[in-house]
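Remarks on the overall topology
In case you want the letters, here they are:
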Amino acid sequence: EREGWPVRGELRFEAVTLRYRPSLPPALDGFSCTIAAAERVGICGRTGAGKSSVAAALFRLVEVEAGRISLDGVDLRTLGLQRVRGRALGIVTQEPVLFRGAVRRSLDPLDQFTDEALWGALRAVGMEPAVRGLADGLSSESEEGGVNWSLGERQLLCFARAVLRAPRVLLLDEATASIDHAADARIQSALRTTMRETTLLTVAHRLHTVVDYDRILVLSAGRCVEAGAPHDLLRQEGSALSEMVDSTGATTAARLREMAERAHHQKME
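Attention in this report is confined to the structure presented alongside it. (Residues numbered from 1 in each chain as written. Predicted model: local features only at pLDDT ≥ 70, side-chain atom pairs only at ≥ 80, totals over all residues. Heavy atoms only, no water.)

Assigned secondary structure in the protein chain consists of 11 helices and 12 strands. Whereas a compact globule of 269 residues would reach a radius of gyration of roughly 18 Å, the protein chain reaches 19 Å, a difference of no more than 12%. When its C-alpha atoms are laid out on the principal axes, the protein chain stretches across 55 × 45 × 40 Å. Counting all 269 residues of the protein chain, 50% fall into the buried class. As displayed, the protein chain offers around 12800 Å² of accessible surface, 49% of which is attributable to carbon and sulfur atoms. (Helix = DSSP H or I, 4+ residues; strand = E, 2+ residues; numbered from the N terminus. Rg over C-alpha atoms; globule rule 2.2 N^0.38 Å. Buried < 20%, exposed > 50% of the residue type's maximum accessible area, 1.4 Å probe, protein only. Areas by Shrake-Rupley, 256 points an atom, 1.4 Å probe, with all protein chains shown as cover.)

So this is what it looks like as structure tokens:
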């Protein structure tokens, strides 16, 4: 284990094969890609394409059958799980998990950060006013599962936890699929401003979440069948991303293409 690892956040999947049971076909079948440090990458594909299996492989929820996943050149299988899932990797899933007890505990279960840092993380995701408005602020109680918060607020609190920990790689597994557009916009804004140096992988349910990212990977049958800047892929007639965008309907497709075009021009400036 290397001192200070990981420093950059370059992630490499090399011919990764993963299956959930020996009798099942592989969920990832020779999946390969390299993700640069601080790159924002969207992972798209139809249901069953293997998108969430990328998360399962990365976090070693299921050990890979073949191939290698490395972060800054270190094979993740050579490290203890705690090291891999500590400061190296963070995840926010579609089901936001809050702990019973004080808001502080949900944000910082291991009691590692100052109140000032907690407020900073809440500010980054737009949740500072809601928590300051509670009778006891950070010490206010969350009910079992956080049911006294709306789904959007629970998700924003989970993002605040990720902002606080500042992992080198953050994976969002359809994390904004079930929240409203306002909460989604606040999350995307926090990712652009507070987590600029974090390598970001987003398993996308809504294409508008990732159409302005640096790159999109399109998966099919556990393989990466297409990769490139959204703007470039959408200019290729018959590309898998174009077909997915067009299937959303004329109005939505036009808006998605406009978002990709605008993001491309901003990067060029």
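Our focus in this paragraph is the pairing of strand S3 (residues 40-44). Most of S3 sits inside the fold, with five of its five residues counted as buried. In S3, alternate side chains face the same way, and those of Arg40, Gly42 and Cys44 on one face and Val41 and Ile43 on the other are all buried. Direction of pairing for S3 relative to strand S10 (residues 199-203): parallel, over a ladder of four bridges. Bridging across to S10, Val41 finds its partner in Leu201. Taken together, the four bridges between S3 and strand S11 (residues 215-220) define a ladder with parallel strand orientation. Directly across from Val41, in S11, lies its bridge partner Arg215. (Pairing = 2+ DSSP bridges.)

Along the chain, the position of Ser189 falls in helix H7 (residues 181-193). For Ser189, a relative accessible area of 37% gives the class partly exposed. For the pair Ser189 and Val62, spaced 127 residues apart in the sequence, the C-alpha separation amounts to 32 Å.

Let us look at the sheet that holds S3. Read from one edge to the other, the open sheet built from six strands follows the order S6-S9-S10-S3-S11-S12, with strand pairing classed as mixed. Unpaired on one side and paired on the other, strand S6 (89-93) and strand S12 (223-228) mark the two borders of the sheet. Going across the sheet, the axis of each strand differs from the next one's by a mean of 20°, ignoring polarity. With five bridges connecting them, S11 and S12 associate as antiparallel partners. What sits directly across from Ser220, in S12, is Arg223. Those strands touched by helix H1 (residues 51-58) are S3, S6, strand S9 (169-173), S10 and S11, and its axis lies near 140° from that of S9. Here helix H6 (residues 151-165) sits on the sheet and contacts S6 and S9; the angle it forms with S6, its principal contact strand, is near 175°. (Axes fitted to C-alpha atoms, helices over the stretch in contact; angles between N-to-C directions. Contact = heavy atoms within 4.5 Å.)

What follows concerns the nonpolar core. Core analysis: the largest hydrophobic core is formed by 47 residues, its most contacted members being Leu107, Leu122 and Leu191. With sequence-adjacent residues up to four places away left out, Leu122 is seen in contact with Leu107, Met127, Glu128, Val131, Leu138, Leu157 and Ala160. Counting 34 residues, the second-largest nonpolar core is a separate cluster that includes Leu11, Leu28, Ile35 and Ile69. (Core = buried A, V, L, I, M, F, W, Y, C linked by side-chain atoms within 4.5 Å.)

Now for the side chain of Arg161. Along the polypeptide, Arg161 turns up in helix H6. Buried and unpaired, Arg161 has no salt bridge, with Asp108 as the nearest side chain of opposite charge at 9.2 Å. Among all residues touching Arg161, those that are not within four sequence positions of it are Val97, Leu98, Phe99, Ser106, Leu107 and Pro109. (Lys, Arg positive; Asp, Glu negative; His and termini not counted. Salt bridge = Lys/Arg side-chain N within 4 Å of Asp/Glu carboxyl O.)

In this description, a pair of aromatic rings is defined by centroid distance and the angle of the planes. All told, the structure shown has one aromatic pair when counted by the stated rule. Each ring, one from Phe13 and one from Phe31, has its centre 5.2 Å from the other, and the planes form 70°; the classification is edge-to-face. Residue Phe13 is located in strand S1 (residues 11-18), and its partner Phe31 is located in strand S2 (residues 28-35); the two are separated by 18 residues in the primary sequence. The burial state of Phe13 is the same as that of Phe31; both residues are buried. (Phe/Tyr/Trp six-rings, centres within 6.5 Å; stacked < 30°, edge-to-face > 60°.)

All right, on to the environment of Gly120 then. Looking at where Gly120 falls in the secondary structure, it is placed in helix H4 (residues 115-124). A sequence separation of 98 residues divides Gly120 from Val218, and the C-alpha atoms of the two residues are 35 Å apart.

Another aspect to go through is H6. The periodicity of an α-helix, 3.6 residues per turn, causes residues three or four places apart in sequence to face the same way. Its 15 residues place the ends of H6 22 Å apart at the C-alpha level, agreeing with the 21 Å of an ideal helix rising 1.5 Å per residue. Along H6, the residues that are buried comprise Gly152, Arg154, Gln155, Leu156, Leu157, Cys158, Phe159, Ala160, Arg161, Ala162, Val163 and Leu164. Against the buried residues of H6 lie S6, helix H3 (103-107), H4, helix H5 (128-132), S9 and H7. Taken from the residues just after H6, Ala166 is the one with a positive phi, measuring 45°. (Expected span 1.5 Å × (residues − 1).)

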